[in-house]
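Now for the letters of each chain:
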Amino acid sequence: MSPTASHHVVHVTGARPNFPKAAPVIRALSSHGIRQVLVHTGQHYDPVMSEVFFQQLGLPEPDVNLGVGSGSHAHQTAKVMTALEDMFIADPPQLVVVYGDVNSTVAASLVAAKLHIPVAHVEAGLRSFDRTMPEEVNRVVTDSLADLLFTTSPDANVHLGSEGVGADKIHFVGNPMIDTLLSNLEIFDADAIKADLGLVEPYLVATLHRPANVDDPVQAAAVVAALHQAADRRHVVIPLHPRGRASFEAAGLMDHASITVIEPLGYVEFIGLVRGSAGVITDSGGVQEETTMLGVPCLTLRPNTERPVTITHGTNELVTEQTLVTHLDAIINGRRTFDDVTPPLWDGHAGERIAVVIARFLEDARS
Ligand code: UD1
Ligand code: UDP
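Residues numbered from 1 in each chain as written. Chains lettered and ligands numbered in written order. Predicted model: local features only at pLDDT ≥ 70, side-chain atom pairs only at ≥ 80, totals over all residues. Heavy atoms only, no water.

Draft legend 1. Highlighting helix α15 (residues 324-332). Here α15 has its buried residues at L324, V325, L328, A330 and I331. Looking at the buried positions of α15, the neighbouring elements they touch are β8 (203-207), α10 (217-233), β11 (279-282), β12 (298-301) and β13 (316-319). Among the residues trailing α15, G334 stands out with phi positive, at a value near 70 degrees. (Buried < 20%, exposed > 50% of the residue type's maximum accessible area, 1.4 Å probe, protein only. Helix = DSSP H or I, 4+ residues; strand = E, 2+ residues; numbered from the N terminus. Contact = heavy atoms within 4.5 Å.)

Set out below in structure tokens:
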């Protein structure tokens, strides 16, 4: 990516879920001959949370890494904002593309909007209607500032419409994260990761990192108790997000012979692990979507989801610590069945659709 010409698009990424969403958009825009600059804010920085995605997803090296690291919401967001403001003033892009709902997303949107630089939001309009989630605040603010809103499911269009976003700004394009999944299907090798980890089928995978599940020691203990109940039935493999490590360890997560806790996995290894599993217990947004496409049962340990299409058109169910094992037993006993439908436009071509809209937008802006 060369940052020399005057017209360019800046992509702002920073946290693990941004990377599989950005990869197909960047790839598709390249074939339109649009000059692109990739910013990594440094929100996630461990090699397993960041670098591995660049290696595995064919993402170009970031042109800039802001190196903001971890911090409170205000500190982290402010660091991204001040660094991006300097960068955008020095060399204003024609468009800033932001992804998902993390702090880097909202920070970049605020900076761009105040510099009168248009913002494109990939994965717009998702709503949990739960303002205690930092992501919901980030989504609402980002969508209110965006000029191009790319949605992954029809419910998102409805939400944006009811918030007063003009229909001309909203583009239902499908899901770029699913583009990444589908384009790598052949390399997700369940047998390889099972052999690496010495796993015997059937096994479950669990990924949990939401503040509501991991930050409070009492709640973390309740989640760990539910995971132990699951492990009484099936071996549970947990590639543990760094956020929950201390609280889950303190709550005795590892004190069960059928629980294997490992470091976060690379994307290819992780999806291989999920693909070979009998089911997933999660609070991740992306994993709800990926299990839906892979046909793997998904139990989401949350009171709500901003991705209801994974319930209506997928394998997802919402559970609590109390109901988890009942739902798990239904899966184990084969009592759960799924319709063979997938969410509309989750067909592997969202990135291309996004690129077409962006290319037209840039052309209109230049004329
Ligand atoms: C962030 C996003 C969340 C997303 C998740 C994906 C926000 C508000 N939250 O949550 O929406 O689902 O990423 O994984 O943007 N840490 C490390 N190494 C790293 C990164 C983080 O050890 O490379 C630890 C640090 O202790 C840090 C904590 O994880 O304080 C939380 O990181 P942070 O980026 O603030 O939020 P996440 O919980 O990762
Ligand atoms: N993921 C991964 N390794 C792991 C856990 C998750 O590669 O050990 C991938 C997962 O497949 C998905 C992305 O990370 O594509 C989602 O990130 P996360 O769950 O951290 O964020 P969320 O989607 O909840 O915002």
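Draft legend 2. Spotlight on the site of ligand 2. The environment of ligand 2 is made up of 18 residues, and the closest members are R210, L265, S284, G286 and E290. Note that an oxygen atom of ligand 2 is positioned 2.9 Å from one of the side-chain N or O atoms of R16. Interatomic distance of 2.8 Å between a backbone N/O atom of G285 and an oxygen atom of ligand 2. Relative to its unbound accessible surface of 530 Å², ligand 2 loses 98% to contact with the protein. Of all the secondary-structure elements, those providing two or more residues to the shell around ligand 2 are α12 (267-275) and α13 (285-294). Looking at the shell around ligand 2 residue by residue, the classes come out as 10 nonpolar, 5 polar and 3 charged. (Near = heavy atom within 4 Å. Polar contact = N/O pair within 3.5 Å; in protein donor to acceptor, adjacent residues only side chain to side chain. Areas by Shrake-Rupley, 256 points an atom, 1.4 Å probe, with all protein chains shown as cover. Nonpolar A, V, L, I, M, F, W, Y, C, P; charged D, E, K, R; others polar.)

Draft legend 3. Geometry of the sheet that holds β12. One open sheet holds the 6 strands; their spatial order is β10-β9-β8-β11-β12-β13, and the pairing between them is parallel. Here the strands that pair on one side only, and so sit at the sheet edges, are β10 (259-262) and β13. Across the sheet, the mean angle separating the axes of adjacent strands is 20 degrees when strand polarity is ignored. Alignment of strand β9 (residues 235-239) against β10, held across 4 bridges, turns out to be parallel. Across the sheet, V236 pairs through a bridge with I259, a residue of β10. Sitting on the sheet, α13 touches β8, β11, β12 and β13, and the angle it makes with β11 is about 165 degrees. (Pairing = 2+ DSSP bridges. Axes fitted to C-alpha atoms, helices over the stretch in contact; angles between N-to-C directions.)

Draft legend 4. Highlighting the sheet that holds strand β2 (residues 36-40). The 7 strands lie next to each other as β3-β2-β1-β4-β5-β6-β7, forming an open sheet whose pairing is parallel. Bordering the open sheet on either side are β3 (64-65) and β7 (170-172), each of which pairs with just one other strand. Strand direction decides the pairing type here: strand β5 (residues 119-124) and strand β6 (residues 148-151), joined by 4 bridges, are parallel. Paired with A124 across the bridge in β6 is T151. Across the sheet, helix α3 (residues 73-90) touches β1 (9-13), β2, β3 and β4 (95-99), and the angle it forms with β1 is around 170 degrees. Sheet strands in contact with helix α4 (residues 103-114) are β1, β4 and β5, and its direction is about 160 degrees off that of β4.

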